[in-house]
Amino acid sequence: MTAPVLRVQDLVVNFTSFTGGILQRKERVLRAVNGISFDLNAGETLGIVGETGSGKSTLARAILGLIKANRGRVMWEGEDLTLLGEEELRQKRKEIQIVFQDPVASLNPRMTAGDIISEPLWTFYPHMAPLQVEERTRGMMKVVGLLPNQINRYPHEFSGGQCQRIGIARSLVLNPRLVICDEPVSALDVSIQAQIINLLKDLQQKLGLALIFIAHDLSLVKHISNRIMVMYMGSAMELSQREALYRRPLHPYTHALIKSVPIPDPKLAARARQDSWLAGDMPSPYDPPKGCIFNTRCPYKVSRCQTDVPALRRMEQGDWVACHQAEDLDLSIHLDSASGIN
Amino acid sequence: MNSSADIPAEDPFAAAMAEEDVRGRSLWVDAWHRLLKNRAAVISGVIMAVMILLVLVGPLLSPWEGDFTDWDNTSSPPSLETGHWFGTDSVGRDILVRTLEGGRISLLVGLVATLVSLAIGVTYGAIAGYYGGFTDRIMMRMVDIIYALPFMFFVILLMVVFGRHIVLIFVAIGAVNWLDMARIVRGQTLGLKNTEFVEAARACGVDHNAIIRRHIIPNLLGVVMVYVTLTIPQVILVESFLSFLGLGVQEPMSSWGALVNDGAQDMESAPWTLIFPAAFLTVTLYCFNYIGDGMRDALDPKDRL
């Protein structure tokens, strides 16, 4: 196997906020990303899944350098991005791009589709001939399934799905090698979701991109990912091959997520509901539980879970999990207790 | 539908691609159309256009000069026979011409001082808001300090040091007005800099200056334009106030404020010297306020429920 293009090592991002008055100023630290590590190979897709607030988007922004990481390394082809100066990092943006969650909010309402898509071009190639820029922009629109004659339209004249296509075109126009998709479809309706995911899949095959695909819904990630990382409150709970993860999740949290996918058949749904048990809310991220971070909601917890933090460790099959009892639990998803994932 | 069966699947796409580019309709154009539907704003706009034309061309067409003294008709009431349609003041100067010439100064002050405050305020506010943190704190504290200076004191000081000159009025008003503009723009920028499209621009490697120019400023111009239309009458009023106190423009030049001041002295014996300049001033202020209101509604339709 070739060396990974992206290697994230022990990445930590803290958000600090201040409470109290001037005199009794207290610092509160929120660990948004808490020691994440993973590798990504060229042309591979890594899915990242987790509830709202689990640090997925922060992780994405930290990899891009949009948010400064407090600790850890982001190795891009052997070069640590966290150590680069502003201008050097700017140059790397040609290679790593991002697609945002809210397709409409991520486009400047005062710019035309053409201006938006070509902005990275004239940012990095200011001497490129205008005609060439336009040609490339139109070509890119065609690639993502937009009519090139819509080049002069404004974002508010497009639908949500089309806006996301504009966002994808903008991210691809510089021929990047890695595109991070931060919940690119969660603001779209279901039929459009499928279109966008298929589009990303096609583009990935055509252009040989590496993708990091972030979602809060396991059923979406399944269609596009090779490997999947499950995050909870800033930490990785499991990092597994796709098939293994859906057949036999190693971590109780993954299991719960799979179970919580809505099932279109009401009879099966009623049966599944009985043993869906991801009760309660996430604990306050300012005051995370001791021991295993998931222990407040885990049905399988033992006394050890409240004292020792489980490390992310490698299982026999080569998948990674952070659970003390991973060997003892059988969390296989049985076909009769069908899940909404197919 | 039968005929479409033998057309390949991607043909509609190809057909559309051969078509001409669809023309986009920007938010500005949208807002412009909404503004045109606002009757008060449109009427105000027309009145202001006529007013500006009148002020520019009117004095040239009149048989009287602004500083010409008609000794036969001092303090004469408005009449068509004497040729002084708006009457004359106590030294026999034609009120109509003086009102129009005064309008030039008043509108010029309104426009120039506003543009000055616009240029400084938008740049300053956008930079402070965008960079945030320490830069922001220093820049905005400076605004607070200048804000704390008493305006009249500042103007009187300028006049004493440099003597009375029209440019000083621009400077004095501009120096104070940009503070409000800077605060408004900074507030808007704080909201805009965290939007996803600004983040997207950063992710695309766009540098800070270009982000401010291309992404921040165009998106706050709507608010700024509304504020500008409301600032112009305010500035005209401030100039009138300065002239009323005798700190404004110098004779023989005049402005609406100076004319109202003169008229107020003879209010009982020659009310027309007060009424006509005051009417012009009032109409202008009303018009700008209606235009400003209309623009606010047009640029931010969400606000209008």
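Residues numbered from 1 in each chain as written. Chains lettered and ligands numbered in written order. Predicted model: local features only at pLDDT ≥ 70, side-chain atom pairs only at ≥ 80, totals over all residues.

What to know about the overall build of chain B
In terms of helices and strands, chain B carries eleven helices and zero strands. Secondary structure elements of chain B, listed N to C terminal, follow the sequence α-α-α-α-α-α-α-α-α-α-α. Within chain B, the fraction of its 305 residues that count as buried is 38%. Restricting the contact set of chain B to residue pairs at least 6 apart, pairs at least 24 apart contribute 68%. (Helix = DSSP H or I, 4+ residues; strand = E, 2+ residues; numbered from the N terminus. Buried ≥ 20, exposed ≤ 12 C-beta atoms within 10 Å, placed from the backbone. Contact = placed C-beta atoms within 7 Å.)

Some remarks on the overall build of chain A
Scanning chain A from terminus to terminus reveals ten helices and twelve strands. Dimensions along the principal axes, computed over C-alpha positions, put chain A at roughly 65 × 60 × 50 Å. Taken over 342 residues, chain A has a buried fraction of 43%. For chain A, the proportion of contacts with a sequence separation of at least 24, taken over those separated by at least 6, is 65%.

Regarding unusual backbone geometry
All names here are of chain A. Positioned with a positive phi, Asn175 is a non-glycine residue whose angle comes to about 55 degrees. With respect to the helices, strands and loops of the structure, Asn175 is situated in the loop between helix H5 (160-172) and strand S7 (178-182). Within the chain, Glu183 stands out as a residue other than glycine whose phi angle is a positive 45 degrees. Checked against the element boundaries, Glu183 lands in the loop between S7 and helix H6 (190-207).

Things to note about the interface of chain B and chain A
Contacts between the two partners involve 25 residues from chain B and, on the opposite side, 30 residues from chain A. When residues of the side of chain B that touches chain A are traced back to their parent elements, those giving at least two are helix H1 (11-18), helix H8 (196-203) and helix H9 (208-244) of chain B. Residue composition of the side of chain B that touches chain A, grouped by class: eleven nonpolar, six polar and eight charged. (Nonpolar A, V, L, I, M, F, W, Y, C, P; charged D, E, K, R; others polar.)

Regarding the packing of helix H6 (residues 151-162) of chain B against helix H7 (residues 166-192) of chain B
For any two helices packed against each other, the geometry comes down to the angle between their axes and how far apart the axes lie. Residue and element names in this part refer to chain B. Taken N-terminus to C-terminus, the directions of H6 and H7 make an angle of 150 degrees; their axes are 10 Å apart at the nearest point. Of the possible angle classes, the one that applies to H6 and H7 is roughly antiparallel. Judged by the sense of rotation from one axis to the other, the crossing of H6 with H7 is right-handed. Residues Phe151, Phe154, Val155, Leu158, Met159 and Phe162 of H6 lie in contact with H7, whose contacting residues are Leu168, Val171, Ala172 and Val176. A per-class count over the contact of H6 with H7 returns ten nonpolar, no polar and no charged. (Axes fitted to C-alpha atoms, helices over the stretch in contact; angles between N-to-C directions. Parallel < 35°, antiparallel > 145°, perpendicular 65-115°, else oblique. Left-handed = near helix turned anticlockwise from the far one by under 90°.)

As for the sheet that holds strand S2 (residues 26-40) of chain A
Taken in spatial order, the four strands of this open sheet run S2-S1-S4-S5 (chain A), and their pairing is antiparallel. Pairing within the sheet leaves two strands with one partner each, and these edge strands are S2 and strand S5 (79-80) of chain A. (Pairing = 2+ DSSP bridges.)

Regarding the packing of H5 of chain A against H6 of chain A
Residue and element names in this part refer to chain A. Where H5 contacts H6, the axes come no closer than 10 Å and their chain directions differ by 20 degrees. Classed by the angle they form, the pair H5 and H6 counts as roughly parallel. Every pair of crossing elements has a handedness; the one defined by H5 and H6 is right-handed. Contacts from Gly160, Gly161, Gln164, Ile168 and Leu172 of H5 reach H6 at Ile192, Gln195, Ile196, Leu199 and Leu203. Here the contact of H5 with H6 is composed, by residue class, of six nonpolar, four polar and no charged.

Notes on the confidence of the model for chain A
Counting all residues, the mean pLDDT for chain A is 82, and 92% of those residues have values of 70 or more. Ranking the helices and strands of chain A by mean pLDDT puts strand S3 (residues 45-49) of chain A first, with 89, and helix H10 (residues 266-274) of chain A last, with 64. (pLDDT = per-residue confidence, 0-100.)

Looking at H8 of chain B
Among the eight residues of H8 of chain B, eight are classified as buried, and the element is accordingly described as predominantly covered. Regarding H8 of chain B, the residues found buried are Glu196, Phe197, Val198, Glu199, Ala200, Ala201, Arg202 and Ala203 of chain B. Contact partners of the buried residues in H8 of chain B: helix H1 (56-64), strand S6 (96-99) and helix H3 (113-124) of chain A together with H7 and H9 of chain B. Looking at the residues trailing H8 of chain B, positive phi occurs at Gly205 of chain B, about 85 degrees.

Quick notes on the pairing of strand S9 (residues 227-232) of chain A
Every regular strand shows the same layout, with side chains that alternate between the two sheet faces. Residue and element names in this part refer to chain A. A large share of S9 lies buried, amounting to six of its six residues. Burial along S9 is two-sided: the residues Arg227, Met229 and Met231 and Ile228, Val230 and Tyr232 are all buried. Where S3 and S9 come together, four bridges link them in parallel fashion. Among the inter-strand pairings, Leu46 is bridged to a residue of S9, identified as Arg227. Judged from the six bridges that link them, S9 and strand S10 (residues 235-241) form a sheet pairing that is antiparallel.

Describing H6 of chain B
Along an α-helix, residues three or four apart share an orientation, since each turn contains 3.6 residues. The end-to-end C-alpha distance of H6 of chain B is 16 Å, a good match for the 16 Å that twelve residues give at a rise of 1.5 Å each. After H6 of chain B finishes, the residue Gly163 of chain B shows a positive phi value of roughly 80 degrees. (Expected span 1.5 Å × (residues − 1).)

Describing the sheet that holds S6 of chain A
Where strands meet in a sheet, backbone hydrogen bonds hold them as pairs that are either parallel or antiparallel. An order of S6-S7-S8-S3-S9-S10-S12-S11 (chain A) is seen for the eight strands of this open sheet, with the pairing classed as mixed. A strand with exactly one partner marks an edge of an open sheet, and here the two such strands are S6 and strand S11 (313-314) of chain A.

Some thoughts on the nonpolar core
Ranked by size, the top nonpolar core spans 151 residues in total, and within it Ala169 and Ile212 of chain A carry the most contacts. Counting residues per element, this core draws most heavily on helix H4 (residues 95-131) of chain B, which supplies 15 residues. Apart from the residues lying within four places of it in its own chain, the contact partners of Ile212 of chain A are Leu40, Leu46, Ile48, Ala60, Ile180 and Cys181 of chain A. (Core = buried A, V, L, I, M, F, W, Y, C linked by C-beta atoms within 7 Å.)

Here's the deal with the environment of Arg248 of chain A
Residue and element names in this part refer to chain A. Structurally, Arg248 can be placed in the loop between helix H8 (242-247) and helix H9 (252-259). For Arg248, a count of 17 C-beta atoms within 10 Å translates into the label partly exposed. Residues Arg248 and Asp330, 82 residues apart in the sequence, show an inter-C-alpha distance of 7.5 Å. Residues within four places of Arg248 in sequence aside, it is in contact with Leu331 and Ser332.

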